[in-house]
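# Per-entry structural report
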Amino acid sequence: VQFAEVSVDIETGIVKVKRVLVVQDCGLVVSKLTAESQVYGGVIGSLNFALFEDRILDRNTGQMVNPNMEWYLLAGMSDIPKIDVRLVDQPERGVIGIGEPPTVSTAAAITNAVRNAIGVTVRSLPLTPAKILQTLAQQRPTSSA
Amino acid sequence: VAAIFRLKAEATETGGNQENAVKPFSYVSPRNEQEAISALSAEPDKVMPLAGGQDLLARLKDYVAQPDRVVNVKAALDATVTPMPGGGLKIGAAMKVADLAEHAEIVKLYPAMALAAGEVGTPQIRNQGTVGGNLNQRPRCWYFRNEEFVCFKKGGNQCFSPAGENQFHAIFGGGPSFIVHPSSLAVPSVAYGATFRLAGPKGERMVAAADYFTMPTLQNVRTENVLAPNELLTHVILPAPGPVKSGHYEVRYKESHDWPIAFATVVVAMNGETVRTARIVMGAVAPTPWRAQAAEAALTGKQITEETAAAAADAAVRDARPLSQNGYKVQVARTAVKRAILNAAGIRTV
């Protein structure tokens, strides 16, 4: 289970993730340090999925126009929030995997937090300023436009 | 780095760069301005100056620039800030962007310039890149930077962005090229009324920052400014600021190492509580720094409040003509202008 706290600047469409809380089952915890570290990595990977990563293909030629670190965005240190991890230690279940599970819920948690913050749902990832502003503009009453 | 080179070479085996390597070039390191200028050539694209390398090296590796000679101008050009007689400061073009951001006099007298410098790229880029390099860097348009797309700027006969991926392209100007000017320092330079000193074989000439950057036409589309291939931008001269207040606001998706979606510099002279004159310049919205005269007029004679700032910001983007995917930039630019105005008045924003 994951929870996300975000702030959305509705004048620029920019989403900042403030905090992520992760409650992760992984059976018997063999090494707390490495298990938690795996969760941090998974959350950051999924945060990139939610906010930044986007392979942009030119619609006419199919060429990728952002095949570089300049335009293919990945979170930097200052884009990564405080991440709290609570491992659910269940030794009776034995050793089970924790490779992929932490990456599954972050993007959904962030997207739901954004919906909770601005009252409208963005239906595709990443949550770019363009999509946030377009969604806000479409769903607002026309009087305020 | 070697691995990156190899991958790039393999990927382009079927087309584009035939050599599969950066074209060999000669390299000279002149010791002064005169030597540097005589090492340049009047013919475009043959000889290129190198300072911090934050633009040219990337273009060489992307096979977008293929000069015969590279002239290292780091030692040849001034890297200091000197006071001008009668007030004002002269910034040497070889000064590091990081040094400009932290220079005490710049921070005190031209805070928007210092803020803009502090927002460039990353600490590494700011400590390597120079003022002259930042002002003269080529567009960051992803079609221009991709060797496969031979656009107007590379001698081709089209701009690929209007019918292609244009979410970061210009919302002002109307072509024929829809790049946005990449320099963060160009915008405060225009807002503060800076003058650029250019040195060439026939001596020096002074060009106002506002006249330095050129809107694209079919004739001049391969360049972004009036600098001739055998000239160097040697100094940025900022006039005495007088009793003005300034603000700078940049909207970037990521906190660091990201290009701004839009930004604005505002310089206002006050008459008591009301604005006597204002200069409002937007960045990353047009092929040049884009002065918003309608916004300046809307703000003149008014007190700066949330309402007057918003009205001026509305005026700033009224004539925007976005492409198919960059309509959101109108709202982002409006916000940048509004917040820069409020910041100039000392009102804190997000």
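Here is a short report on the structure shown in this document. (Residues numbered from 1 in each chain as written. Chains lettered and ligands numbered in written order. Predicted model: local features only at pLDDT ≥ 70, side-chain atom pairs only at ≥ 80, totals over all residues. Heavy atoms only, no water.)

## Re the packing of helix α12 (residues 306–317) of chain B against helix α13 (residues 328–344) of chain B
All names here are of chain B. For clarity, the cut-off: Under this scheme, a helix contributes an axis fitted over its contacting stretch, all axes are lines through C-alpha atoms, and angles between N-to-C directions fall in the 0 to 180 degree range. Only DSSP runs of H or I covering at least 4 residues are called helices, and only runs of E covering at least 2 are called strands; the numbering of each starts at the N terminus. These descriptions rest on fixed angle ranges, namely under 35 degrees for roughly parallel, over 145 for roughly antiparallel, 65 to 115 for roughly perpendicular, and the rest for oblique. Left-handed is the label given to a crossing in which the near helix is rotated counterclockwise from the far helix by less than a right angle, and right-handed is the label when the rotation is clockwise. By definition in these notes, contact holds between two residues if any of their heavy atoms fall within 4.5 Å. In this count, Pro and Cys sit with the nonpolar residues alongside Ala, Val, Leu, Ile, Met, Phe, Trp and Tyr, while Asp, Glu, Lys and Arg are called charged and the others, Gly among them, polar.
With their axes 8 Å apart at the nearest point, α12 and α13 run at an angle of 140° to one another. Here α12 is positioned oblique relative to α13, judged by the angle of their axes. Handedness of the α12/α13 crossing: right-handed. On the side of α12, the interface is formed by E306, A309, A310, A312, A313, D314, A316 and V317, while α13 contributes V330, A333, R334, V337, K338, I341 and L342. Of the residues in the contact of α12 with α13, the class split is eleven nonpolar, no polar and four charged.

## As for the side chain of Q167 of chain B
Rules: Whether a residue is buried, partly exposed or exposed follows from its accessible area with a 1.4 Å probe, protein chains only, as a fraction of its type maximum: under 20%, in between, or over 50%, in that order.
With respect to the secondary-structure elements, Q167 of chain B resides in the loop between α8 (131–136) and α9 (186–191). Given the relative accessible area of 14%, Q167 of chain B is considered buried. In this structure, Q167 of chain B is in contact with I56 of chain A together with W142, Q325, N326, Y328 and K329 of chain B, ignoring residues within four places of it in sequence.

## Considering the sheet that holds strand β2 (residues 47–50) of chain B
Residues and elements named next belong to chain B. Our working rule: Two strands qualify as a pair provided that DSSP identifies no fewer than 2 bridges between them.
One open sheet accounts for three strands, arranged β1-β3-β2; its pairing is parallel. What marks the edges here is a single partner per strand, and that holds for β1 (26–28) and β2. When strand polarity is set aside, the average angle formed by the axes of neighbouring strands in this sheet is 25°.

## Topic: the environment of V70 of chain B
Residues and elements named next belong to chain B. Here V70 is to be found in strand β3 (residues 69–72). Its relative accessible area of 2% is what places V70 among the buried residues. With 20 residues separating them along the chain, V70 and L50 place their C-alpha atoms 6.4 Å apart.

## Description of the packing of aromatic side chains
Going by this rule: Here a pair means two rings of Phe, Tyr or Trp (six-membered ring of Trp) with centres within 6.5 Å. Their orientation is stacked below 30 degrees between planes, edge-to-face above 60, and tilted elsewhere.
A full pass over the atoms with the stated rule returns twelve aromatic pairs over all chains. Both rings, one in W142 of chain B and one in F168 of chain B, keep their centres 5.6 Å apart while their planes meet at 70°; by these two values the pair is edge-to-face. Linking W142 of chain B in the loop between α8 and α9 with F168 of chain B in the loop between α8 and α9, this pair joins segments that are 26 residues apart in sequence. Put simply, the rings of W71 of chain A together with W142 and F168 of chain B pair up and form one aromatic cluster.

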